[in-house]
Amino acid sequence: MITDLRSDTVTKPTPAMRRAMAEAEVGDDVYGEDPTVNRLERRAAEILGKEAALFVPTGTMANTIGVKLNTSHGQEVICESRCHVLNYELSMMAWFSGCLARPVFAGDGILRWEQIRREIRPLGPHWAPTGLIEIENTHNMAGGTVYPLETLREIREGAHGLGLKVHMDGARVFNAAEYLNVPVSRIAAEADTVSFCLSKGLGAPVGSLIVGTAGQMERGRLYRKRLGGGMRQAGVLAAAGLIALEEHPARLAADHLHARLLAEALARIPGIQVDPAKVQTNIVIFDVSGTGLAPAEFSRKLKERGVLMNGISATQMRLVTHSDVDRGMAEQAAAVVAEVAAAVAA
Ligand SMILES: *Cc1c(COP(=O)(O)O)cnc(C)c1O
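Residues numbered from 1 in each chain as written. Predicted model: local features only at pLDDT ≥ 70, side-chain atom pairs only at ≥ 80, totals over all residues. Heavy atoms only, no water.

(A) Layout of the packing of aromatic side chains. This structure, assessed with the given rule, holds 2 aromatic pairs. Their ring planes at 85 degrees and their centres at 5.9 Å tell us that F96 and Y223 sit as a pair that is edge-to-face. Taken as a pair, F96 in the loop between α5 (92–95) and β4 (100–104) and Y223 in helix α10 (residues 214–226) lie far apart in primary sequence, 127 residues in all. An identical accessibility class is assigned to F96 and Y223; each is buried. Here F174 and F196 contribute two aromatic rings whose centre-to-centre distance is 5.4 Å and whose plane-to-plane angle is 65 degrees, an arrangement assigned as edge-to-face. Of the two residues, F174 sits in helix α8 (residues 173–180) while F196 sits in strand β7 (residues 193–197), which places them 22 residues apart along the sequence. Taking relative accessible area as the criterion, F196 reaches 1% and is therefore assigned buried. Lying over the aromatic face of F96, K68 brings its terminal NZ or CZ to 5.9 Å of the ring centre. (Phe/Tyr/Trp six-rings, centres within 6.5 Å; stacked < 30°, edge-to-face > 60°. Helix = DSSP H or I, 4+ residues; strand = E, 2+ residues; numbered from the N terminus. Buried < 20%, exposed > 50% of the residue type's maximum accessible area, 1.4 Å probe, protein only. Lys NZ or Arg CZ within 6 Å of the ring centre and 35° of its normal.)

(B) View of α8. Three or more residues of α8 are buried, namely V173, F174, N175, A176 and A177. One or two steps after α8, the chain reaches N181, where phi turns positive at roughly 60 degrees.

(C) Summary view of the sheet that holds strand β12 (residues 316–320). Taken together, the 3 strands give an open sheet; going across it, the order is β9-β12-β11, and neighbouring strands pair in antiparallel fashion. In this open sheet, the two strands that pair with only one neighbour each are β9 (283–287) and β11 (310–311). For β11 and β12, the ladder comprises 2 bridges, and the chain directions are antiparallel. Opposite G311, over in β12, you have M317 as the bridge partner. Packing against the sheet, helix α12 (residues 252–267) makes contact with β9 and β12, and its axis sits at approximately 15 degrees to β9. (Pairing = 2+ DSSP bridges. Contact = heavy atoms within 4.5 Å. Axes fitted to C-alpha atoms, helices over the stretch in contact; angles between N-to-C directions.)

(D) Inspection of the domain arrangement of the protein chain at higher detail. Here the protein chain is described as being made up of domain 1 (12–248) and domain 2 (251–345). One C-alpha centre belongs to domain 1, the other to domain 2; they are set 28 Å apart. Residue-level contacts link 18 residues of domain 1 with 13 residues of domain 2. Taking both partners together, domain 1 and domain 2 bury about 1500 Å²; carbon and sulfur atoms supply 52% of that area. Counting across the interface, domain 1 meets domain 2 through 6 residue pairs in polar contact (both at pLDDT 80 or more). Looking at the side of domain 1 that touches domain 2 residue by residue, the classes come out as 6 nonpolar, 9 polar and 3 charged. (Domains from an automatic or database assignment. Buried area = accessible area lost by both parts, 1.4 Å probe. Polar contact = N/O pair within 3.5 Å; in protein donor to acceptor, adjacent residues only side chain to side chain. Nonpolar A, V, L, I, M, F, W, Y, C, P; charged D, E, K, R; others polar.)

(E) The pairing of β9, seen in detail. Counting buried positions along β9 yields 5 of 5 residues, so the element is predominantly enclosed. Taking every second residue as pointing to the same face, both faces of β9 are buried, with I283, I285 and D287 on one and V284 and F286 on the other. With 5 bridges joining them, β9 and β12 adopt antiparallel strand pairing. Bridge pairing links I283 to V320 in β12.

(F) Up close: the packing of helix α1 (residues 15–23) against helix α11 (residues 235–247). Relative orientation of the contacting elements α1 and α11 amounts to 145 degrees, with a least axis distance of 8 Å. Crossing handedness for the pair α1 and α11: right-handed. Contact with α1, carried on its side by A16, M17, A20 and M21, involves V236, L237, A239, A240, I243 and A244 of α11 and no other residues of that element. Classifying every residue of the contact of α1 with α11 gives 10 nonpolar, no polar and no charged. (Left-handed = near helix turned anticlockwise from the far one by under 90°.)

(G) Quick look at the site of the ligand. Neighbouring the ligand are the residues T58, G59, T60, N63, H84, E89, E136, N140, D169, A171, R172 and K200. Separating an oxygen atom of the ligand from a side-chain N or O atom of T60 is a distance of 2.5 Å. Take N140: an N or O atom from its side chain is 3.0 Å from an oxygen atom of the ligand. According to the grid-proximity analysis, the pocket containing the ligand is the second largest pocket. The leading source of residues in the shell around the ligand is helix α3 (residues 59–70), at 3 residues. Looking at the shell around the ligand, its residues break down into 1 nonpolar, 6 polar and 5 charged. (Near = heavy atom within 4 Å. 1 Å grid on protein atoms, 1.4 Å probe; cavity = no way out; pocket = protein on both sides within 12 Å on 5 of 7 lines; lining within 4 Å. Sits in = over half its atoms within 2 Å of the grid points.)

(H) Here's a closer look at α12. Taking 1.5 Å of rise per residue, the 16 residues of α12 would be expected to cover 22 Å, and the 23 Å separating its terminal C-alpha atoms lies within 8% of that figure. Of the surrounding elements, those touching the buried residues of α12 are α8, β9, β12 and α14 (327–345). (Expected span 1.5 Å × (residues − 1).)

(I) Structural context of the side chain of T14. On the secondary structure map, T14 appears in the loop between β1 (3–4) and α1. Taking relative accessible area as the criterion, T14 reaches 16% and is therefore assigned buried. Excluding anything up to four places from it in sequence, T14 contacts H248 and R251.

(J) Geometry of the state of the cysteines. In total, this model carries 0 disulfides according to the counting rule given. Unpaired in this structure, C79 has its nearest cysteine sulfur neighbour in C83, at a distance of 3.7 Å. A relative accessible area of 0% means that C79 is categorised as buried. Unpaired in terms of disulfides, C197 finds its nearest cysteine sulfur in C83, a separation of 14 Å. (Disulfide = S-S within 2.5 Å.)

Written out as structure tokens, the structure is:
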């Protein structure tokens, strides 16, 4: 039995999803004729409180379309230094949209309007104009941190006041909604476009969505086709996605509890540093340098004992809880980390 805490992308489809996939009504989605995809897009738009939605294969494609819709070539995109669009999407911002990232560091991953405002370029002969503000909610590499609604509101008002759009990489926006205990539409209301993944904590095997205005999504369909994301009988995927969207947000509270339990257990292990009070959602980043092991070695020793976690820097590791890890597995994983740390100390 392997406990896989490398990411929440590793979840396997539930029996209900597999049944829905087998029985899905389908059509050709490039012609807009797949009834299950159409239903998924309609429900996503309703739940997020936007006019329209577009089903895409990956979160990377959703973000690529989001950046493209809100910018023109030669502009800058203000984003947090460790964000996904800058670091993990093969510079699609440059490759597809012709934009340059203007990274701004925030220790907790949460940008404030005051910081953003200072980075907006004045019109002039030397500066690429700012085209877009990109925010990641929850922030993956900052440890699953959540934007307070007030901070989002300030960013939206500030950006719109200057004629700028806001794109939210909401790969885990349902985790943010769970943490804040608000409908996800309250969060989505603070951005012009929002991308989110069905294939992470929500548990679908494949798929992401982008939401925004009807006009944006109409243009987005063309970008999706250009990027190779015009799928045909995609209803087999959307059927699982509908279950993820309708039923699985309610499961995220358990993932958050398990992440907190793991962080508390890890905090008690000599040589490991983590502040459980900072764990808001389903991601825990912890420092293993005090154990004398590099993350890669630590990871290898955990794997020998059936627990998978990745190193993310020279000193830090990351674990991500999800619906395929129950409380018992989380407790067992913490015990295995303690065992590895103790074996090195001895
Ligand atoms: C996972 C993730 C994405 C999208 O990843 P894909 O693997 O392309 O689906 C985007 N943003 C963040 C913050 C993520 O964690």
